[in-house]
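Letter by letter, the chains look like this.
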Amino acid sequence: MIRITAFQWVPPFAAGLVRDLRVRWALEEAGLPYQARLLGQGEQDSPHHRAVQPFGQVPVYEEGDLTLFESGAILLHIGQQSESLLPADPEARARAVQWVFAALNSVEPAIQELAGIDLFHAAEEWAAIRRPGAVAMVERKLDALEARLDGRDWLEDGRFTAGDLMMTTVLRILRHTDLVAARPALAAHQARGEARPAFQKALASQLAPFERYGPREEVPVLQPAR
Ligand SMILES: N[C@@H](CCC(=O)N[C@@H](CS)C(=O)NCC(=O)O)C(=O)O
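Heads up: these notes are all about the structure in this document. Quick caveat: nothing in here was measured; it's all calculated off a predicted structure. Along each chain, numbering runs from 1 in the same order as the chain's sequence is written. This being a predicted model, a pLDDT of at least 70 is required before a residue's local features are given, and a value of 80 or more before pairs of side-chain atoms are given or counted; all residues contribute to the totals for chains, interfaces and linings. Side-chain figures throughout are based on the complete set of non-hydrogen atoms in the structure, without hydrogens or water.

## Brief notes about empty space enclosed by the protein
Computed over the protein atoms alone on a 1 Å grid, cavities are sets of points where a 1.4 Å probe fits but cannot get out and pockets are open sets with protein on both sides within 12 Å along at least five of seven lines; a residue lines them when it has an atom within 4 Å of a point. Grid points are joined across faces, edges and corners, and a volume is the space filled by probe spheres set on the points. All told, the structure shown has one cavity of 30 Å³ or more when counted by the stated rule. Looking at the largest cavity, its volume works out to about 30 Å³. Lys, Arg, Asp and Glu make up the charged group, whereas Ala, Val, Leu, Ile, Met, Phe, Trp, Tyr, Cys and Pro make up the nonpolar group; the residues left over, Gly among them, are polar. Looking at side-chain class alone, the lining of the largest cavity contains three nonpolar, two polar and three charged residues.

## Things to note about the packing of helix H4 (residues 90-120) against helix H6 (residues 162-171)
At their nearest, the axes of H4 and H6 sit 7 Å apart, and the two run at 10 degrees to each other. Here H4 is positioned roughly parallel relative to H6, judged by the angle of their axes. Of the residues in H6, those in contact with Ala96, Trp99, Val100, Ala102, Ala103, Leu104, Val107, Glu108 and Ile111 of H4 are Ala162, Gly163, Met166, Met167, Val170 and Leu171. Per-class residue counts for the contact of H4 with H6 are 13 nonpolar, one polar and one charged. Note on method: axes are straight lines fitted to C-alpha atoms, helices fitted across the in-contact stretch only, with angles between N-to-C directions ranging 0 to 180 degrees. Each helix is a run of DSSP H or I of at least 4 residues and each strand a run of E of at least 2, with the numbering of both proceeding from the N terminus. Comment on the angle field: the value is read as roughly parallel under 35 degrees, roughly antiparallel over 145, roughly perpendicular from 65 to 115, and oblique elsewhere. Contacts are residue-level and defined by heavy atoms, with any inter-residue pair within 4.5 Å sufficient.

## Describing the site of the ligand
Every residue lining the ligand is accounted for by Phe7, Val18, Arg19, Arg22, Gln44, Gln57, Val58, Pro59, Glu70 and Ser71. Between the ligand and glutamine 57 there is a distance of 2.9 Å, counted from an oxygen atom to a side-chain nitrogen or oxygen. Residue glutamate 70 places a side-chain N or O atom 2.7 Å away from a nitrogen atom belonging to the ligand. In a pocket analysis with a 2 Å cut-off to the grid points, the ligand is assigned to the largest pocket. Looking at the shell around the ligand residue by residue, the classes come out as four nonpolar, three polar and three charged. Neighbouring residues are identified by heavy atoms, a residue being near a molecule or strand if any of them is within 4 Å of it. Polar contacts, as used here, are pairs of N or O atoms within 3.5 Å; protein pairs need one atom able to donate a hydrogen and one able to accept it. Residues neighboring in sequence count only if both atoms are side-chain atoms. Throughout, a molecule is located in a cavity or pocket provided that more than half of its atoms lie within 2 Å of its grid points.

## A look at the layout of surface pockets
Gaps between atoms show up when a probe of the same size as a water molecule is rolled over them. By volume, the largest pocket amounts to about 790 Å³. Forming the walls of the largest pocket are 33 residues, and the residues nearest its centre are Phe7, Ala14, Val18, Arg19 and Val58. Secondary structure elements with two or more residues in the lining of the largest pocket: helix H3 (71-79) and H4. If you tally residues by element for the lining of the largest pocket, the top one is H4, at six residues. Here the lining of the largest pocket is built from residues that sort into 17 nonpolar, 11 polar and five charged. Two domains each provide a minimum of three residues to the lining of the largest pocket, namely domain 1 (2-83 + 198-224) and domain 2 (90-196). The source of the domain bounds is an automatic or database domain assignment.

## As for the nonpolar core
Side-chain atoms within 4.5 Å are what join buried Ala, Val, Leu, Ile, Met, Phe, Trp, Tyr and Cys residues into a set we call a nonpolar core. Whether a residue is buried, partly exposed or exposed follows from its accessible area with a 1.4 Å probe, protein chains only, as a fraction of its type maximum: under 20%, in between, or over 50%, in that order. Counting residues in each nonpolar core, the largest one holds 58 residues, and the members touching the most others are Tyr61, Ile78, Met167 and Leu171. No fewer than three residues from each of domain 1 (2-83 + 198-224) and domain 2 (90-196) sit in this core. Ranked by size, the runner-up nonpolar core spans eight residues in total, among them Phe7, Val10, Ala14 and Ala15.

## Section: the pairing of strand S4 (residues 66-69)
Sheet topology places strand S3 (residues 60-63) next to S4; four bridges connect them, and they run antiparallel. Bridge assignment links tyrosine 61 to a residue of S4, and that residue is leucine 68. Following DSSP output, two strands are said to pair if at least two bridges run between them. Two successive antiparallel strands, S3 and S4, enclose a turn made up of two residues, where glycine 64 displays a positive phi of approximately 60 degrees.

## Regarding helix H5 (residues 125-149)
Multiplying 1.5 Å by the helix residue count minus one yields the expected span of that helix. For H5, which comprises 25 residues, the first-to-last C-alpha distance of 37 Å matches the rise-based estimate of 36 Å (1.5 Å per residue) to within 8%. One axis is fitted to the seven residues ending at the residue and one to the seven starting there. The bend at that residue is the angle between these axes. Of all bends in H5, the biggest is about 40 degrees, found at arginine 131, and the proline proline 132 comes one to four residues later. The complete set of buried residues in H5 reads Ala127, Ala134, Val135, Val138, Leu142, Leu145, Glu146 and Leu149. Looking at the buried side of H5, the elements it contacts are H4, H6 and helix H7 (184-194). A positive phi of about 85 degrees marks glycine 151, the residue just after H5.

Here it is in structure tokens:
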């Protein structure tokens, strides 16, 4: 059975954004059953967890002898097992992979900088000075995506791929702003992705433990996701 590692509880600002969502969503799209191992407070730095995730983060993916970290690498690995994520045609597959990298490498860094300012450093003096530049950079990325999606339902080849999945989860990080809502094609793309039953199931699976465990719960559990 595939096992993913996620957090038992996160603060509300992070609920529904934690990066195991990408992996859960991909597994749901691919129809692959999995279990979730939930880390309690402090477990990120345990020797066991550091052995499977050198940076002490989530997600981790375990399948038999294979252990992977990095949500992008995990998504591509799952995609290789399912045409619902990566098309069989080699060129179409390469185009889908390109959008996974675009989401992670061209879009997420700018979004992450803005989220860091707003969610972690809002009260600091430097944050007010830096924020307009960070917003401008995000807007440049979103404008490019808006142009790309004008007249298209999905980023490539007229169908949902791993690239759309990753882009949707990256754009969710902006949910505390109206930057996506202000761009109709992008907002429609995000709504289309989030309306997929596999996304809804994945989101519910991530959120369920947060309601069950509070911030003070410390015991990790192995929790079936379905
Ligand atoms: N590039 C990594 C980033 C993973 C990451 O940032 N995980 C966050 C949760 S979304 C985390 O574990 N944060 C806790 C920490 O960094 O200590 C990936 O995509 O898997």
